[in-house]
Amino acid sequence: ELIREVRAQKARGCKPEQIAKKLDLDVTYIHGIVRLLEHGEERLIREVENGRVALTVAIRIASSNDEEIQRVLCEAYEDKSLRGQKLATVRRLIEE
């Protein structure tokens, strides 16, 4: 729902700062969502919307290069933001 709202606000020409203010969220968080949208990270967006991957983890994965992906996954696992089925989902996304 949040991603859809950000997408709609962006389509109306709103800047991330305006969107963050309207939704009462941190501008860095909104920039992350916009980055996913602008870079066509549809698979990650779909997994976030379905609750299978945390938005913060999706943003970190999308902004990582190949060498950083393993580190990001390890960090997400260690801070318990990516466990069990969510970890399996992310691994599958990366392998595709």
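Residues numbered from 1 in each chain as written. Predicted model: local features only at pLDDT ≥ 70, side-chain atom pairs only at ≥ 80, totals over all residues. Heavy atoms only, no water.

A. Focus on the overall build of the protein chain. In terms of helices and strands, the protein chain carries 7 helices and 0 strands. The N-to-C order of helical and strand elements in the protein chain reads α-α-α-α-α-α-α. In terms of overall size, the protein chain behaves like a compact globule, its C-alpha atoms giving a radius of gyration of 13 Å where 96 residues would be expected to give roughly 12 Å. Each principal axis of the C-alpha distribution contributes one length, and for the protein chain these read about 35 × 25 × 25 Å. Across the 96 residues that make up the protein chain, the buried fraction comes to 34%. Across the protein chain, every contact between residues at least 6 apart in sequence was considered, and the portion connecting residues at least 24 apart equals 46%. Carbon and sulfur atoms form 46% of the exposed surface of the protein chain, whose accessible area is close to 6,100 Å². Charged side chains of the protein chain number 18 positive and 18 negative; the gap between the two group centres comes to 4 Å. (Helix = DSSP H or I, 4+ residues; strand = E, 2+ residues; numbered from the N terminus. Rg over C-alpha atoms; globule rule 2.2 N^0.38 Å. Buried < 20%, exposed > 50% of the residue type's maximum accessible area, 1.4 Å probe, protein only. Contact = heavy atoms within 4.5 Å. Areas by Shrake-Rupley, 256 points an atom, 1.4 Å probe, with all protein chains shown as cover. Lys, Arg positive; Asp, Glu negative; His and termini not counted. Charge placed at Lys NZ, Arg CZ, Asp CG, Glu CD.)

B. Layout of the packing of helix α1 (residues 2-11) against helix α2 (residues 16-23). In contact at an axis separation of 10 Å, α1 and α2 are set at 135° when each is read in the N-to-C sense. When the axes of α1 and α2 are compared, the pair comes out oblique. Pair α1 / α2 crosses with right-handed handedness. The segment α1 lies against α2, with L2, E5, V6, Q9 and K10 engaging I19, K22 and L23. (Axes fitted to C-alpha atoms, helices over the stretch in contact; angles between N-to-C directions. Parallel < 35°, antiparallel > 145°, perpendicular 65-115°, else oblique. Left-handed = near helix turned anticlockwise from the far one by under 90°.)

C. Geometry of the environment of I30. Along the chain, I30 falls in helix α3 (residues 27-38). Once you skip the residues sitting within four places of it in the chain, I30 turns out to touch V6, P16, I19, A20, L23 and L25.

D. How the structure looks around the pattern of salt bridges. All told, the structure shown has 2 salt bridges when counted by the stated rule. For R7, the salt bridge is made with E42, and the minimal N-O distance between the two is 3.8 Å. Residue R7 is located in helix α1, and its partner E42 is located in helix α4 (residues 42-49); the two are separated by 35 residues in the primary sequence. Residue R7 is classed as partly exposed on the basis of its relative accessible area of 34%. (Salt bridge = Lys/Arg side-chain N within 4 Å of Asp/Glu carboxyl O.)

E. A look at unusual backbone geometry. Located in the positive-phi region is D24, a residue other than glycine, with phi close to 55°. Structurally, D24 is set in the loop between α2 and α3.

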